[in-house]
Every structure is written in C-alpha cells, then in structure tokens.
Amino acid sequence: MNLSGEWISSLIQNNKIYNETVKFKQEGDKISADIVLNYDDELCNYKFKGKIHKNIVNGVYTSTEQGNVESGTISLKIINNDFLYGVTTYISDSKDSDDIVQSPYALFRNTKFNLGTFNLCSGCVKKDATCCCDTKVDSPMLLPNEVSLIASEKKLDKNKFCKEIDFSKKYNDFSLKTLYQMKRGEDKKSCYFYKNNECTIYNIRPIDCRIFPYDIKLEKDGNYYLVYYKTDMCQIKNEKLKDIKMVSYNTRLFLRLLIPYLREWSDEYCCQNLTKDNKYEIICKIEDLF
C-alpha cells in the first residue's frame with residue numbers, strides 16, 4: 001500500500017471541524033507531507049515527517065510560517081487505502097501556557113466529501129434524495145453551532161429554517177441541553193434547504209445529514225449504541241454488514257462532537273418516524289469507538 005498523493009484531512013478544534021490539503025510522499029517506510037490548513041479562511045502551512053510500521057503512521061509536524069515555531073505529533077491507523085484515522089497532538093511552547101491539545105484526525109484520499117456517508121450517498125441512483133424529501137424520514141437535528149454557521153452563511157434568521165427543542169423545559173431537567181430541528185420547505189415534505197433536487201448547504205450540512213442512516217440509540221441496558229436504519233429510504237440496506245461497519249468509521253469525528261449531547265440526541269422526539277415502521281441494526285457501543 002502506498003499513501004503517496006493528495007488527501008484531505010479533517011480535525012476537530014473548539015467544537016468545529018477544520019479541513020487541510022495534504023500531499024503525501026512515501027518512500028519505503030518513510031513518509032513526508034506538505035500540509036495546508038484552512039483555519040477560518042487563514043491558510044497555515046506545515047511540514048510532516050514520519051514512518052509507517054505495519055498499518056500505523058507516526059510522525060511530527062512543524063510550521064513553515066516565518067516566526068511560528070508550532071509543532072506537534074500525528075498518529076494514524078490505516079483503515080484502508082483511502083482512509084486514515086487517528087489523533088493529532090499539539091503542545092504549546094509558550095511560557096505562559098501549559099496547553100496540551102489532542103484532536104481526532106481523519107484523512108480521506110482526494111475529496112473532503114467522503115467525510116460522513118458520502119461514499120454511500122454518491123452511489124444513490126434515485127432521482128430524488130428520499131432522505132431529504134420524504135416525511136417518513138424525520139427532519140434532521142442540529143447542534144447550536146451548526147445553526148449559527150448556517151444562519152451566518154445563508155444570511156438567514158435561524159427561526160426561518162429551524163425550531164428550537166429545549167429539553168430542559170420538556171423534562172423540567174436543567175442539566176439537559178438545547179437542540180434544533182430543521183424545518184421543511186414550502187411543499188411541507190422536503191428539507192428547507194433542498195432545492196431543485198439538491199442540497200443547497202451541502203458543504204455545511206448538519207451532522208445528522210452527514211451520518212444518516214447511522215444514528216445513536218439508548219438501549220434498555222443503559223448504554224448508547226451506534227445503529228443504522230434498515231429503511232427503504234436509503235440504499236444502505238442493500239450493503240453488506242461488514243461494509244456498513246467500515247463506512248461507520250467515517251462518522252467518528254462527528255460522533256465525537258455529539259458525545260456531550262448523547263442523552264438529548266437519543267430522545268424519542270428526535271426520531272419518531274423511522275423507528276415507527278422500520279427496524280434498526282446495532283453496530284457497536286459508542287464507548288467502543290474511541
């Protein structure tokens with residue numbers, strides 16, 4: 001297996017997902033890379049040097065920006081020829097800071113759209129995305145930061161496209177957090193942002209859209225599980241179970257962001273239609289993913 005070529009990375013910082021372009025060059029067990037991070041529209045350049053042992057990549061990155069001595073480590077597991085998953089660690093060298101920041105880190109060959117379940121969705125032969133425009137599928141849930149991002153990018157008041165679900169009021173439990181649910185469009189069926197047979201916010205679509213038909217369920221044993229819906233609304237039901245489990249790797253960055261919201265995300269309110277008529281299959285415990 002040779003990792004040489006262009007990749008897109010995704011990492012989490014401050015509850016936000018950032019992307020990088022990564023150009024790997026592999027010679028034997030040695031690997032190097034030029035990395036460009038898009039950090040809130042500011043481009044930051046880094047060099048990476050490391051080694052491959054069996055299916056593990058370990059190395060160090062350093063900034064190439066003048067006057068910037070930032071450095072850290074990257075450790076990745078080779079899941080397959082097109083997907084690497086692991087962590088990146090940054091230790092501040094400032095005398096005024098003892099920060100150690102570790103972030104989930106994933107790399108996809110060639111295209112960032114592989115993040116989530118894109119490599120299943122891209123093969124969908126249906127003319128209309130039934131997951132986006134059928135009332136048998138619940139409208140997607142949104143995290144507060146996703147609502148803010150979409151409102152800012154589309155220059156819309158949030159009340160135009162989503163409604164607030166205040167679980168603390170719903171259950172009179174003020175330890176619970178607030179989520180939002182996407183509204184439907186004028187036809188009362190399609191997602192608010194589904195126009196002319198396509199998603200108009202695809203690059204900033206919510207986590208709920210990116211991981212469908214995967215979801216998180218609280219089972220009777222008190223554990224949270226990653227599941228997938230066995231529904232006619234999605235072609236995934238025709239995939240082999242081992243492939244379904246493999247694609248679930250691509251959801252792990254998003255699941256990290258959902259962990260603080262597991263209790264609310266698993267509430268029956270968030271998914272009433274799919275669980276009414278369709279069964280779901282358990283993949284694994286959420287705690288086993290990390």
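Structure: above.
Residues numbered from 1 in each chain as written. Predicted model: local features only at pLDDT ≥ 70, side-chain atom pairs only at ≥ 80, totals over all residues. Heavy atoms only, no water.

### Overview of the overall build of the chain
Scanning the chain from N- to C-terminus turns up 9 helices and 16 strands. Here the chain holds 290 residues, and 42% of them are scored as buried. Residue pairs in contact within the chain that sit at least 24 positions apart in sequence constitute 55% of those at least 6 positions apart. For the chain, the accessible area works out to roughly 16,200 Å², and carbon and sulfur atoms hold 47% of it. (Helix = DSSP H or I, 4+ residues; strand = E, 2+ residues; numbered from the N terminus. Buried < 20%, exposed > 50% of the residue type's maximum accessible area, 1.4 Å probe, protein only. Contact = heavy atoms within 4.5 Å. Areas by Shrake-Rupley, 256 points an atom, 1.4 Å probe, with all protein chains shown as cover.)

### Thoughts on the sheet that holds strand 3 (residues 30–39)
Taken together, 8 strands build a closed barrel; the order of strands is 1-2-3-4-5-6-7-8 and the barrel is antiparallel. When strand polarity is set aside, the average angle formed by the axes of neighbouring strands in this sheet is 30°. Relative to strand 5 (residues 56–63), strand 4 (residues 42–53) is paired through 8 bridges, and the arrangement is antiparallel. Bridging from a neighbouring strand, Ile52 pairs with Val57 of strand 5. (Pairing = 2+ DSSP bridges. Axes fitted to C-alpha atoms, helices over the stretch in contact; angles between N-to-C directions.)

### Quick look at the sheet that holds strand 11 (residues 178–182)
Pairing between the strands of a sheet comes from backbone hydrogen bonds, and it takes one of two forms, parallel or antiparallel. Read from one edge of the open sheet, 3 strands run 9-11-10, paired in antiparallel fashion. The sheet terminates laterally at strand 9 (141–142) and strand 10 (162–166), the two strands that pair on one side only. Across 2 bridges, strand 9 lies against strand 11 in antiparallel orientation. Counterpart to Leu142 in the pairing with strand 11 is Tyr180.

### Structural notes on the side chain of Ser266
Checked against the element boundaries, Ser266 lands in the loop between helix 8 (262–265) and helix 9 (273–277). Its relative accessible area of 14% is what places Ser266 among the buried residues. One polar contact links the side chain of Ser266 to the main-chain carbonyl oxygen of Leu262, over a distance of 2.8 Å. (Polar contact = N/O pair within 3.5 Å; in protein donor to acceptor, adjacent residues only side chain to side chain.)

### Regarding empty space enclosed by the protein
Counted according to the given criterion, the structure contains 1 cavity of 30 Å³ or more. Looking at the largest cavity, its volume works out to about 40 Å³. Around the largest cavity sit Phe24, Ile35, Phe48, Ile74, Leu76, Tyr105 and Leu107, which together line it. Counting only elements with at least two residues in the lining of the largest cavity, the list comes to strand 6 (71–80) and strand 8 (100–109). Tallied by class, residues from the lining of the largest cavity come to 7 nonpolar, no polar and no charged. (1 Å grid on protein atoms, 1.4 Å probe; cavity = no way out; pocket = protein on both sides within 12 Å on 5 of 7 lines; lining within 4 Å. Points joined across faces, edges and corners; volume = space filled by probe spheres on them. Nonpolar A, V, L, I, M, F, W, Y, C, P; charged D, E, K, R; others polar.)

### Focus: the packing of aromatic side chains
For the structure on display, the rule yields 11 aromatic pairs. Pairing Trp7 with Phe24 gives two aromatic rings, centres 6.0 Å apart and planes at 75°, and the pair type is edge-to-face. Within this pair, whereas Trp7 is found in strand 1 (residues 5–13), its partner Phe24 is found in strand 2 (residues 16–27), the two being separated by 17 residues in sequence. You'll find Trp7 and Phe24 in the same group, each marked buried. (Phe/Tyr/Trp six-rings, centres within 6.5 Å; stacked < 30°, edge-to-face > 60°.)

### Things to note about the pattern of salt bridges
Close approach of charged atoms allows side chains with opposite charge to pair. Taken as a whole and assessed by the stated rule, the structure comprises 6 salt bridges. With its nearest N and O atoms 4.0 Å apart, the salt bridge here joins Asp215 to Lys217. Assessed through its relative accessible area of 9%, Lys217 is described here as buried. Glu281 is the partner of Lys230 in a salt bridge, and the nearest nitrogen-oxygen pair spans 3.5 Å. Placement of Lys230 in the loop between strand 15 (224–229) and helix 6 (241–247) and of Glu281 in strand 16 (residues 280–285) is noted, with a sequence separation of 51 residues between them. A residue is classified by how much of its surface remains accessible, and Lys230, at 41% relative accessible area, is partly exposed. For Glu281, a relative accessible area of 27% corresponds to the partly exposed category. (Salt bridge = Lys/Arg side-chain N within 4 Å of Asp/Glu carboxyl O.)

### Structural notes on unusual backbone geometry
Cis geometry marks the peptide bond from Phe212 to Pro213, where omega comes out at 10°. Along the polypeptide, Pro213 turns up in the loop between helix 5 (207–211) and strand 14 (214–218). Its identity is not glycine, yet Lys188 carries a phi of approximately 65°, on the positive side. Within the fold, Lys188 resides in the loop between strand 11 and strand 12 (194–195). Looking at Lys188, the relative accessible area reads 63%, which means it is exposed.

### With respect to the pairing of strand 4
In the sheet, strand 3 pairs with strand 4 via 10 bridges, with the strands oriented antiparallel. Looking at strand 4, one finds that Tyr39 is bridged to Glu42. Hairpin remark: strand 3 followed by strand 4, antiparallel, with 2 residues in the connecting loop; positive phi at Asp40, about 50°. Connecting strand 4 to the antiparallel partner strand 5 that follows it, the hairpin turn spans 2 residues, and Lys54 within it adopts a positive phi of roughly 55°.

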